[in-house]
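Below are the chains, spelled out letter by letter.
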Amino acid sequence: MARRGNGLNDNSPEKEGRKKISKESFRRGIRIFSYVLPYKFKFLIGLGFLVLSSLTFMIFPLLTGKLVDSSTGNADWFLEDIDMIALGLFAVILAQGIFSFFRVYFFAQVSENAVADIRRDLYSKFMMLPIPFYEKRRVGEITSRITTDVAQVQDAMSITLAELFRQITTLLVGIGIILWTSIKLSMFMLATFPVLVALTLVFGRKIKSLSKKTQDELANTNVIVEETLQAINTVKAYTNENFEIGRYQNSLSKAVKAALSAANYRGAFISFVIVGLFGGIILVIWYGATLVQNGDLTIGELISFIIYTVFIGASVGGLGELYGKIQSALGATERIQEILAEPEEATDKNLRPLSEIRRVRGDIRYNQVAFSYPTRPDIQVLRDINFSIQSGEKIALVGPSGAGKSTIVQLLLRLYDVSHGSITVDGQDIRQMSLTELRANVGIVPQEVLLFGGSIRENIAYGRPEATEEEIIMAARKANAYDFISSFPEGLDTLVGERGIKLSGGQRQRVAIARAILKNPAILVLDEATSSLDSESEHLVQQAMDELMQGRTTIIIAHRLATIRKVDKILVIDGGEIVEEGSHEVLSINDNGIYANLLKLQFEMS
Ligand SMILES: Nc1ncnc2c1ncn2[C@@H]1O[C@H](COP(=O)(O)OP(=O)(O)OP(=O)(O)O)[C@@H](O)[C@H]1O
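Residues numbered from 1 in each chain as written. Predicted model: local features only at pLDDT ≥ 70, side-chain atom pairs only at ≥ 80, totals over all residues. Heavy atoms only, no water.

### Some words on the confidence of the model for the protein
How we decide: pLDDT measures how confident the predictor is about each residue, on a scale from 0 to 100. Put simply, DSSP marks the helices as runs of H or I at least four residues long and the strands as runs of E at least two long, and each gets a number from the N terminus on.
Looking at the protein, pLDDT values average 85 and 93% of them are 70 or higher. When pLDDT is averaged over each helix and strand of the protein, the minimum, 38, is found for helix 1 (residues 8–18) and the maximum, 95, for strand 1 (residues 364–371).

Next up, the structure:
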């Protein structure tokens, strides 16, 4: 669990960022629009259609009023004929339909492309971020950046922005036209407005904070789903299905509670808008009717006035809702930008074929290496590790679980930097080497081989993507994998992974060995599987490993001591220190030694 962090502390800076729209958060949020720049022409065309569709929408009430006036003989406009005005109305509606289509079309072009660019950049960032970044956060939290948050930005770029523009145009143009129609009636109508607007804003804020809470709770439920689905075997092995269902149910109840509480406010908000609005309209009709009676206003003008009033009221209500959406979008963009601003590992950005990367000789030296994991700085996992391996030598790391063996090799790959001391390869501090060069020179056969979804060919070629078919087959043969691969009807094209066939532990290991053979590194790390294979499979894997080790500096993390008798040196690690060092012959006769005891223990067990 330590690997994932507790997730609680990590949430807090985000929640800080979500609180309100400040000048700073707005400035930062708006920076996401730099992703729109490559598509600025389409964006501007879309904006043009947005202006046109918003404006044509505003002509509609005016024409309706004129239509009524011409029916009562009050026409004083260039269009006097009822039929012509009705035709004009149709033309306006048709134009609005066409403009809306192009608005949606162009905004979709921009937002889909810009959002794909954001996703691509986020994913590239994910690939380039160092391991400690992942240990401080939950997987679900990170994936929601590239799913939920990006979706919110997309909404903002397409729908929210257009809505915002439309509502503001409606408000401004609407107010302009009603003032022009009747200042008296407008003043009367606008007197009710400040109250409405103020209350809307207060309500909007409350709804905003509640819907954030709902989102957070929902995110928590998703974290449970993801974590348990990733570890479904463990859940089942411990018969914890019901426990997990309970945990999910609890989390879901919290989400529902938060959602319902937010819904109450939303409901109240909507009622408020309805009552306020209709109350206001009745007042306007009443006052307007008296103005018509006095001859200050025509019936048509009153009707268009009322329609504008409805439009204005609706846009004020809509703006309250949009305020919440903009806040979420700003929160999302801030979180995305936080990730985009994270410092990356210094790996090469450009793809380089392995053959072009300098090959090291493979002399390795650990000088007084001490180390604590960044997530647990208080616990020293390694202290004062000193050893050296000459090019082509093989050493084995042995010791109880949790002693620090895997940590030693993770430092060699610079997945973490040492806290003290240094590691050199060919006499050069690895911190001074190019990270890509360093890692390209190290091959790993891990304890638990995880194959990617795809064909066996792709999985082997993962060691060197530019490898030819012959090279892949040769690697598979050397890894003792070709026989079982050819026994499948589809051979190298056999799919493995989630939707493919499941390979046995020994087969997976041989695929990983083939992958390493293809990579042809100067330095090799073999993390022996703890689970034992049947003796035939064991023999095949061992043979393949021997083939792989030839001519390479090799570090073996050994669990079964029988496999390491031939190595040049064995380092016994305990409590983060080297406690014994020597060949099998020397260590096995030291009766009080840990190695000799481990040997005895394994012998008795077998
Ligand atoms: N990512 C990590 N973050 C924090 N602590 C870790 C991390 N990985 C390992 N540790 C801790 O570091 C110590 C050494 O772990 P390491 O995995 O190196 O041991 P090991 O000797 O390889 O054990 P095993 O034989 O069981 O694989 C352990 O106490 C472990 O809890």
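### Describing the packing of helix 2 (residues 23–30) against helix 11 (residues 299–340)
The cut-off we apply is this: Fitting a line to C-alpha atoms yields each axis, with helices limited to the stretch in contact; the angle taken between N-to-C directions then spans 0 to 180 degrees. Every angle not falling under 35 degrees, over 145, or within 65 to 115 is termed oblique; those three ranges are roughly parallel, roughly antiparallel and roughly perpendicular. By convention, the crossing between two helices is left-handed when the near helix turns anticlockwise from the far helix through less than a right angle, and right-handed when the turn is clockwise. Throughout, a contact is declared for two residues whenever any of their heavy atoms are within 4.5 Å.
In the contact formed by helix 2 and helix 11, the axes pass within 9 Å of each other and the chain directions differ by 65°. Between helix 2 and helix 11, the angle is such that the two are roughly perpendicular. Considering the relative orientation of helix 2 and helix 11, their crossing is left-handed. Here Ser-25, Phe-26, Arg-28 and Gly-29 of helix 2 lie close against helix 11, whose contacting residues are Leu-330, Thr-333, Glu-334 and Gln-337.

### Remarks on the domain arrangement of the protein
Selection criterion: Reported domain spans reflect what an automatic or database domain assignment gives. What gets called buried area is simply the loss in accessible area from a 1.4 Å probe that two parts show on being joined, summed for both. Within this document, salt bridges are pairs made up of a side-chain nitrogen of Lys or Arg and a carboxyl oxygen of Asp or Glu, the two lying within 4 Å of each other. For the purposes of these results, a polar contact is taken to be a pair of N or O atoms within 3.5 Å, where, inside protein, one atom must be able to donate a hydrogen and its partner to accept one; residues adjacent in sequence count only when each atom of the pair is a side-chain atom. Residue classes follow a fixed rule: Ala, Val, Leu, Ile, Met, Phe, Trp, Tyr, Cys and Pro count as nonpolar, while Asp, Glu, Lys and Arg count as charged, and any other residue, Gly among them, counts as polar.
Structurally, the protein comprises domain 1 (2–340), domain 2 (356–441 + 523–533 + 553–606) and domain 3 (449–520). Relative placement of domain 2 and domain 3: their C-alpha centres are 27 Å apart. Interface area for domain 2 against domain 3, summed over the two sides, is near 400 Å², with a carbon-plus-sulfur share of 44%. The interface formed by domain 2 and domain 3 contains 0 salt bridges. Counting across the interface, domain 2 meets domain 3 through 2 residue pairs in polar contact (both at pLDDT 80 or more). Of the residues in the side of domain 2 that touches domain 3, the class split is 4 nonpolar, no polar and 2 charged.

### A closer look at the packing of helix 4 (residues 82–128) against helix 11
Two elements in contact, helix 4 and helix 11, have axes separated by 9 Å at closest approach and are oriented at 40°. Classified by the angle their axes make, helix 4 and helix 11 are oblique. Every pair of crossing elements has a handedness; the one defined by helix 4 and helix 11 is left-handed. Facing Ile-118, Asp-121, Leu-122, Lys-125 and Phe-126 of helix 4, the residues of helix 11 in contact are Ile-336, Ile-339 and Leu-340. Taken together, the residues that form the contact of helix 4 with helix 11 break down as 6 nonpolar, no polar and 2 charged.

### Topic: the packing of aromatic side chains
Note the cut-off: In this analysis, rings of Phe, Tyr and Trp, with Trp reduced to its six-membered ring, are considered paired at centre separations within 6.5 Å, and the interplanar angle assigns stacked below 30 degrees, edge-to-face beyond 60, and tilted for intermediate values. Working definition: with a 1.4 Å probe on protein chains only, accessible area under 20% of the residue-type maximum means buried, over 50% means exposed, and in between means partly exposed. Placement of a positive charge over a ring is assigned whenever Lys NZ or Arg CZ falls within 6 Å of the ring centre and within 35 degrees of the normal to the ring plane.
The full count for this structure, using the stated rule, is 19 aromatic pairs. On the numbers, 5.1 Å between centres and 85° between planes, the contact of Phe-133 with Tyr-134 is edge-to-face. Using a relative accessible area of 28% as the deciding quantity, one classes Tyr-134 as partly exposed. Between Phe-371 and Tyr-416 the ring centres are 5.6 Å apart and the planes differ by 55°, which places this aromatic pair in the tilted class. Taken together, the residues Phe-371 in strand 1 and Tyr-416 in the loop between helix 12 (405–412) and strand 4 (420–425) connect sequence positions 45 residues apart. This pair shows no difference in class: Phe-371 is buried, exactly as Tyr-416 is. Of note, Arg-166 hangs over the ring of Phe-57, and the distance from its end group to the ring centre comes to 5.6 Å.

### Notes on the pairing of strand 10 (residues 553–557)
The side chains of a regular strand alternate between both faces of the sheet. Short version of the rule: When DSSP finds two or more bridges between a pair of strands, those strands are recorded as paired.
Burial of strand 10 is extensive: 5 of the 5 residues sit out of reach of the surface. Going residue by residue along strand 10, you find Thr-553, Ile-555 and Ile-557 tucked away on one face and Thr-554 and Ile-556 tucked away on the opposite face as well. As defined by bridge partners, strand 3 (residues 394–398) adjoins strand 10 across 4 bridges and the pair is classed as parallel. The residue bridging Leu-397 from the neighbouring strand is Ile-557, located in strand 10. Inspection of the sheet shows strand 9 (residues 523–527) paired to strand 10 by 5 bridges, in the parallel sense.

### Comments concerning the site of the ligand
Threshold: If a single non-hydrogen atom of a residue is within 4 Å of a molecule or strand, that residue counts as near it.
Glu-135, Ser-401, Gly-402, Ser-406 and Thr-407 are the nearest of the 16 residues found near the ligand. Within the side chain of Thr-407, one N or O atom sits 2.4 Å away from an oxygen atom of the ligand. Broken down by element, the residue count for the shell around the ligand peaks at 3 residues, all from helix 12. Grouping the constituent residues of the shell around the ligand by class yields 5 nonpolar, 7 polar and 4 charged.

### Some points on unusual backbone geometry
Residues other than glycine seldom take positive phi values, yet Thr-239 does so here, at roughly 40°. Within the fold, Thr-239 resides in the loop between helix 9 (232–237) and helix 10 (241–293). One non-glycine residue, Arg-414, lies in positive phi territory at about 55°. Accessibility expressed as a relative area gives 19% for Arg-414, which makes it buried.

### Here we look at empty space enclosed by the protein
The following threshold applies: Grid spacing is 1 Å over the protein atoms alone, the probe is 1.4 Å, and a cavity is where that probe fits but cannot get out, while a pocket is an open set with protein on both sides within 12 Å along at least five of seven lines and lining residues have an atom within 4 Å of a point. Grid points are joined across faces, edges and corners, and a volume is the space filled by probe spheres set on the points.
In this structure the tally under the stated criterion is 5 cavities of 30 Å³ or more. Here the largest cavity is characterised by a volume of approximately 130 Å³. In terms of lining residues, the largest cavity is bounded by 12 residues, among which Glu-528, Val-541, Gln-542, Met-545 and Thr-563 are the most central. It is helix 18 (residues 535–549) that contributes the most residues to the lining of the largest cavity, 5 residues altogether. For the lining of the largest cavity, the residue count by class is 6 nonpolar, 3 polar and 3 charged.

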